[in-house]
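A look at the structure
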Amino acid sequence: MRGAYHPRLPVTRDFLTGEEPTGAELTALLERGLELKVGRRGGEGRGALDGRSVALVFEKPSTRTRVSFEVGVAELGGTPVVLRGDELQLARGESVADTARVLSRYVSAIVVRAGSHEAVAELAGAAAVPVVNGLTPEHHPCQALADLLTLRERFGGLEGLKIAYVGDGNNVARSLAIVGRSAGVEVKVASPEGYRLEPGLAALDCRDPREAVEGADAVYTDVWVSMGDESDAERRRADLAPYQINADLLDAASDRAIVLHCLPAHPGEEIAEDVLYGDRSAVWDQAENRLHAQKALLELLLA
Ligand code: CP
Ligand code: NVA
């Protein structure tokens, strides 16, 4: 059942950085995500995308984003059209804008994972249908929706929660800070010099992991070598080594703290193996919640 809390996005219907929905819309989206999760076996949401198709363009590898969107579109009654970047004429020089114009004639929305955020913004500018960012080097807002859904599910609400992100100030960290702020969550980030987010984005931006983790309700990390950073892998691993999430660091968090990771994980690097697979890890629920949060997002954008 859909309630009155299901408003449309104002101005633009794209979801590129996570700044687009208001706090109230975000709250509604997360409530709807939980509703879709609980009602999944009963077919909640079925028919929302009846007769509609959604293009899922992946220029980079993906497990969670691709499968959760493909399954999510199907569960809402729509048809997912998965396209790899190298099989589009885009790979042979057709412009991003022309690709957007043409896809808009076939599908009701475009989800895109690309190596350039500017290209995704250009696609959105030329598309006549909503465009959803499925990860760029700068932003991963769909991940942040699932992160918040997981926190909402575990703690019953979001307002006032303290989240510590420890490690590379990358796309995942940036989206968590942006979307977390809209939701009233206090996001503290600890990263070494050279890996920090833009000043002012997080509630606290420091270099000391313990300072960020102190009293936190959730401790979050992501890989040290993101897609596109491979040529710099050794230096990154050395610089980020003091930022591993392990049992010792977790001791500084709240007794009720959970552990988050967007996955894929590299146990023994950014996260200790016993923490990733331990009692406090919420990462598998977090991965599942990609599906529910994105179904709610698609309903919101396409309702
Ligand atoms: N977390 C995430 O986006 O995973 P994938 O790269 O597998 O999509
Ligand atoms: N920061 C990682 C996230 C992968 C889901 C990357 O961009 O590769």
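These numbers come from a predicted model, not from an experiment.

1. Re the overall build of the protein
Looking only at helices and strands, the protein features 11 helices and nine strands. Taking 2.2 N^0.38 as the reference for a compact globule, 303 residues should give roughly 19 Å; the C-alpha atoms of the protein span a radius of gyration of 19 Å, in line with that estimate. Principal-axis analysis of the C-alpha atoms places the extent of the protein at approximately 55 × 45 × 30 Å. In the protein, which comprises 303 residues, the share counted as buried stands at 57%. Contacts spanning at least 24 positions in sequence make up 71% of the contacts within the protein whose residues lie at least 6 apart. Total accessible area computed for the protein in this model is approximately 12,400 Å², and 49% of it derives from carbon and sulfur atoms. Charge separation in the protein, taken as the distance between the mean sites of 33 positive and 47 negative side-chain charges, equals 5 Å.

2. Some points on the site of ligand 1
Inspection of the region around ligand 1 gives Ser62, Thr63, Arg64, Thr65, Arg113, His140, Gln143, Cys262, Leu263 and Arg290 as its neighbouring residues. One of the side-chain N or O atoms of Gln143 is found 3.0 Å from a nitrogen atom in ligand 1. In the complex, the protein chains occlude 94% of the 260 Å² of accessible area that ligand 1 would expose alone.

3. Some remarks on the packing of aromatic side chains
Under the counting rule described, the total for this entry stands at two aromatic pairs. With a centroid separation of 5.7 Å and 50 degrees between ring planes, the pair formed by Tyr165 and Tyr220 is classed as tilted. Residue Tyr165 is found in strand 5 (residues 162–166), and its partner Tyr220 is found in strand 8 (residues 218–221); the two are separated by 55 residues along the sequence. This pair shows no difference in class: Tyr165 is buried, exactly as Tyr220 is.

4. A closer look at the pattern of salt bridges
Scanning all chains against the criterion turns up 25 salt bridges. A salt bridge links Arg196 to Glu193; its shortest N-O distance comes to 3.0 Å. Given the relative accessible area of 29%, Arg196 is considered partly exposed. We note a salt bridge from Arg236 to Asp232, for which the minimum N-O separation is 4.0 Å. Of the residues examined, Arg236 reaches a relative accessible area of 10% and is grouped as buried. One network of salt bridges, with partners in common, ties together Asp168, Asp229, Asp232, Arg235, Arg236 and Asp239.

5. Some remarks on the nonpolar core
Core analysis: the biggest nonpolar cluster contains 52 residues, and Val54, Val132, Leu145, Leu148, Leu151, Leu158 and Leu297 have the highest contact counts within it. Here the element with the most residues in this core is helix 11 (residues 283–302); it accounts for seven residues. Setting aside chain neighbours within four positions, we find Val54 in contact with Leu49, Val73, Thr79, Pro80, Val81, Val107, Ala109, Val111 and Leu302. By size, the runner-up hydrophobic cluster in this structure holds 22 residues, among which are Val166, Ile245, Val259 and Val275.

6. Describing the sheet that holds strand 9 (residues 258–261)
Strand order in the open sheet formed by five strands is 7-6-5-8-9, and the pairing between neighbours is parallel. The sheet is open, and its two borders are formed by strand 7 (204–206) and strand 9, each paired with just one other strand. Across the sheet, the mean angle separating the axes of adjacent strands is 20 degrees when strand polarity is ignored. Looking at chain direction, strand 5 and strand 6 (residues 186–190) are connected through five bridges and run parallel. Looking across to strand 6, one finds that Tyr165 is bridged to Val189. Sheet strands touched by helix 6 (residues 171–182): strand 5, strand 6 and strand 8. Its angle to strand 5, the strand with the most contacts, is close to 165 degrees. In this fold helix 11 packs onto strand 8 and strand 9, with an angle of close to 50 degrees to the strand it touches most, strand 9.

7. Observations concerning the site of ligand 2
Taken together, the residues surrounding ligand 2 are Leu135, Asn170, Asn171, Val172, Asp222, Val223, Ser226, Met227 and Leu263. At a separation of 2.7 Å, a nitrogen atom of ligand 2 approaches a polar side-chain atom of Ser226. Take Met227: an N or O atom from its main chain is 2.8 Å from an oxygen atom of ligand 2. Compared with its free state, where it exposes 270 Å², ligand 2 has 93% of that area covered by protein. Classifying every residue of the shell around ligand 2 by side-chain character gives five nonpolar, three polar and one charged.

8. A few points about helix 2 (residues 64–75)
In this model, helix 2 (12 residues) spans 16 Å end to end at C-alpha, consistent with the 16 Å of a helix rising 1.5 Å per residue. Those residues of helix 2 not exposed but buried are Thr65, Ser68, Phe69, Gly72 and Val73. The arc enclosing the buried residues of helix 2, seen along the axis, measures out at 125 degrees, which places them on a common side. Against strand 1 (53–58), strand 2 (79–84), strand 3 (109–113), strand 4 (131–133), helix 5 (141–155) and helix 11 lie the buried residues of helix 2. Of the residues one or two after helix 2, Gly77 is the one with positive phi, at around 95 degrees.

How each quantity is defined
Residues numbered from 1 in each chain as written. Chains lettered and ligands numbered in written order. Predicted model: local features only at pLDDT ≥ 70, side-chain atom pairs only at ≥ 80, totals over all residues. Heavy atoms only, no water. Helix = DSSP H or I, 4+ residues; strand = E, 2+ residues; numbered from the N terminus. Rg over C-alpha atoms; globule rule 2.2 N^0.38 Å. Buried < 20%, exposed > 50% of the residue type's maximum accessible area, 1.4 Å probe, protein only. Contact = heavy atoms within 4.5 Å. Areas by Shrake-Rupley, 256 points an atom, 1.4 Å probe, with all protein chains shown as cover. Lys, Arg positive; Asp, Glu negative; His and termini not counted. Charge placed at Lys NZ, Arg CZ, Asp CG, Glu CD. Near = heavy atom within 4 Å. Polar contact = N/O pair within 3.5 Å; in protein donor to acceptor, adjacent residues only side chain to side chain. Phe/Tyr/Trp six-rings, centres within 6.5 Å; stacked < 30°, edge-to-face > 60°. Salt bridge = Lys/Arg side-chain N within 4 Å of Asp/Glu carboxyl O. Core = buried A, V, L, I, M, F, W, Y, C linked by side-chain atoms within 4.5 Å. Pairing = 2+ DSSP bridges. Axes fitted to C-alpha atoms, helices over the stretch in contact; angles between N-to-C directions. Nonpolar A, V, L, I, M, F, W, Y, C, P; charged D, E, K, R; others polar. Expected span 1.5 Å × (residues − 1). Arc of directions from axis to C-beta.

Nothing here speaks to function; it is geometry throughout.
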